[in-house]
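Per-entry structural report
One-letter residues, chain by chain:
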Amino acid sequence: MNFRIIGLVLIFLSNNIFSQSTFYHIDTVREIKFNFDQPNWKYLLDSLYVLGDEQRIIGTVTIDGYQYDSVGIRYKGYSSVNITQTKNPFNIKLDYIINDQEHQGFNKIKLSNVIHDPSFLREALSYQIARKYMPSSKANFANLYINDTLWGVYSNVEAVNKDFLSKHYQSRNNSFFKCNPSSLDLFGENSNLSLSPGNDSLDYEAFYSIKSDYGWGKLYQLIDTLNNYPSSINKILNVDRTLWMHAFNYSLVNLDSYIGYAQNYYLYEDNSGRFNPILWDLNMSFGSFRLTDASSYFSGMNISQAKTLDPLSHLYDVSVFPRPLMRNIFNDNRFRKMYMAHLKTIMEENFSNLSYLDSANKMHQIIDQSVNLDSNKFYSYLDFQNNIDSTVTNTINYPGIKDLMSNRMNYLSNYSGYNHNITIDSIKEYNNTLSIGDDLWITANIIDADQVVLFYRFKSSGAFQETLMLDNGNNNDGAIGDFKYGAKIPNIGNNTQYFIYAENDSAGQFSPERAAYEFYEYYAPIQAGDLVINEILAINDNVVQNEFGDYADWIELYNNTNSSLSTNELFITDDSTNLLKWNIPDINIPANGYLILWADEKHNEGIKHTNFKLANGGEKLILSNNSGQIIDYLNFPTQSTNVGYARIPNGTGNFVYNTPSFGYDNDFANVSSINQSKLSCYPNPFKNHLNILLENPNETLISICDIQGKIILQQKVKPMDHKLILNTSSFKKGMYFVYLNSSKINSIQKIIKD
């Protein structure tokens, strides 16, 4: 059978191969050392925190024996910092002064001081569970030394930053927000995504911190849709990921989150235009935080009440402080059943089988000696020994993790909609070795369902489409009423991802159960000619800039098919002895569409930047798959400045020197074949002004487009006008095209802004 359950399991497996050396490997307590030249370093850090200043002091940081100079260090967090205490949490920026300084691919390190957790395990254990169901940080433990003095054992948690986004969302520059108010209001709404702050996106700056270059308008659109048009929320919010977040928080009684004071999460807009919530700050999970749930227990709860916390309280009870991200979504019958299915999966995969307890005990053994030697810890060593099983009393009562979760499991297992008889099995793909563009039929045996939906997509970062699976005898499903359901996925690409969801009047069920984070996958091989190297520019002096403003070499790939293609498990190289030199990230190329790769040796700048450059004097380019099968290759000769080397005709022809056509049809850039006698532009190259001479008796439309086809200027010209003088001072340096369009004549001329 040609399918497999994947998702981020692949990333997990690949990480485990190198687990002995990775920074966040859970089996090792890391050693991190700070060295400050300033004798008053603590006073400086305290002062910056009191002033609310996120500036840093400079120190040397040594990580497992590797030394890094000129590192920026400050405190991190809100309630966990206190200038009167010794053990405060730290935010470490390795590239604060030295660009690109990093440790094993990480440039920011966040150390939590394990306050409010006598077990020391809550954060690392919670993240370990969360990573099964949604993109979540890695976490382990580190012994911190400051000026050679042991400061204590810390939780070491991966930062949610642009590197994290690139890894999980195949992008890093879309709208990105941290959802924490600048000043937490214990009796207010905080970052709850309500419309209370006002009708202007700027009204929300006190409640959300923007981490991208833009996005306030999109955040307001999300909030407006969630509150006023919730039936359309799936278009702008990854609802399934949101349901997983809620299911996680309610399963683990993680109330220092959206549930409680509406904080401690991120929102990132993926490439399909939907916001995705991302968990953060799990140090008070497993009932350590119980001050509010913004519903029945708005004024706090005891441990017994935490064990029986209603996972639908914001639907069936009050919301003292509005929680539209729960109430308005749970109001939808399907979303509510999906949510309960996710909650059941978390509980059964981690708690009913006691696997969480095995993990907790292993982590406990790993850090036992470090905790014992930590003279700055907030709890006794005996508290640490006891808190896995039993309640520890300190400032408050901290529930024993085992005691809390065994009772939580008993409560939820009897909750309405938790238990059901829906089964999904015998999933089959009818293929006969399908090719790209064919239709794929999926069937499954499903019991006790009123409705069955097949969700599918052709790119990892995209939203799933859906179609009904039917048991009517007309969908490769056998006989009517035999509980065998079928549906068709039309016009497949090379990588088809899908999952099944079934429901009845009271419950829902997924297959695979971790959907949509995991899914089934069907591969149709990319054949020679399906995806081609379509054009290169090896000496880009002033043609087009990348997102960092650099004129870099680029490679254009073109999808010759009428189906979407994924670059998953594809490689491109300039070294015939190393076909796997650069693994192209999983990017979708639409039917008859283009993908630009920047060949600039700056793969840390984003997923479309390769780890090699193009050779001016010529070399080979090879596109292949992970099996070493060559899909396309190009042996290009010596290149000239600002001259493209492209297929003519587009996508299929031989390579010729040509005007660069960045991301569009090479045929249209072949201006030598187009009549230019009616159009003359000077000076060329031009600077602040451009003269256009016309020989045309008809009304004409003049358009100036940049190298990417975007219209920069457009103007109608009457028949009596034979000359235009245009102000081009606002044009950026680079190549442009001037188009003349009238009822009888079409002309084009290439121009360059110097």
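Residues numbered from 1 in each chain as written. Predicted model: local features only at pLDDT ≥ 70, side-chain atom pairs only at ≥ 80, totals over all residues. Heavy atoms only, no water.

A short note on unusual backbone geometry
Glycine aside, a negative phi is what most residues show, and trans is what most peptide bonds show. Convention followed: Secondary structure is summarised from DSSP: a helix means a run of H or I of at least four residues, a strand means a run of E of at least two, and numbering begins at the N terminus for each.
Omega for the peptide link from Ile-648 to Pro-649 comes to 0°, which places this bond in the cis form. Turning to its location among the elements, Pro-649 is positioned in the loop between strand 32 (644-648) and strand 33 (654-658). We note that Asn-147 has phi near 50°; this positive angle belongs to a residue other than glycine. Residue position: Asn-147 is located in the loop between strand 7 (139-146) and strand 8 (149-158).

Examining the pairing of strand 32
Keep this limit in mind: Think of it in three bands: with a 1.4 Å probe and only protein chains considered, a residue is buried below 20% of the maximum accessible area for its type, exposed above 50%, and partly exposed in between. In short, DSSP must find at least two bridges between two strands for them to pair.
Of all five residues in strand 32, four are buried; the element is thus mostly enclosed. Both strand 32 and strand 33 contribute to a ladder of five bridges, which runs antiparallel. When the sheet's bridge partners are listed, Ile-648 is paired in strand 33 with Asn-654. Count of turn residues in the strand 32/strand 33 antiparallel hairpin: five residues, of which Gly-651 carries a positive phi of about 85°.

Some thoughts on the state of the cysteines
Formally: We call a pair of cysteine sulfur atoms a disulfide whenever their separation is within 2.5 Å.
Enumeration according to the criterion identifies zero disulfides in this entry. The structure places no disulfide on Cys-681, whose sulfur is separated from the nearest cysteine sulfur, that of Cys-705, by 13 Å.

A short note on the sheet that holds strand 32
To keep things clear, this is the line we draw: Axis lines are fitted through C-alpha atoms, for helices just across the contact stretch, and the angle between N-to-C directions can take any value from 0 to 180 degrees.
If you trace the five strands from one edge of the open sheet to the other, you get 29-24-23-32-33, paired in antiparallel fashion. The two strands at the open ends of the sheet, each matched to only one other strand, are strand 29 (594-598) and strand 33. Pairs of neighbouring strands in the sheet enclose a mean axial angle of 30°, with direction left out of account. With six bridges connecting them, strand 23 (residues 531-537) and strand 24 (residues 554-559) associate as antiparallel partners. Along strand 24, the bridge assignment pairs Glu-535 with Glu-556.

Concerning helix 3 (residues 122-130)
Here helix 3 lies mainly inside the structure; eight of its nine residues are buried. Among all positions in helix 3, only Arg-122, Glu-123, Ala-124, Leu-125, Ser-126, Tyr-127, Ile-129 and Ala-130 are buried.

Examining the environment of Tyr-594
Put simply, the test is: By definition in these notes, contact holds between two residues if any of their heavy atoms fall within 4.5 Å. Pairs of N or O atoms are called polar contacts if they sit within 3.5 Å, as long as, within protein, a hydrogen donor faces a hydrogen acceptor (for residues adjacent in sequence, only side-chain-to-side-chain pairs).
Here Tyr-594 lies in strand 29. Residues Tyr-594 and Ser-171 lie 423 residues apart in sequence; the distance between their C-alpha atoms is 17 Å. When sequence neighbours within four positions are dropped, the list of residues in contact with Tyr-594 reads Asn-534, Glu-556, Leu-557, Tyr-558, Ile-589, Asn-650, Gly-663, Tyr-664 and Asp-665. A polar contact of 3.1 Å, which involves the side chain of Tyr-594, links it to the backbone nitrogen of Asp-665.

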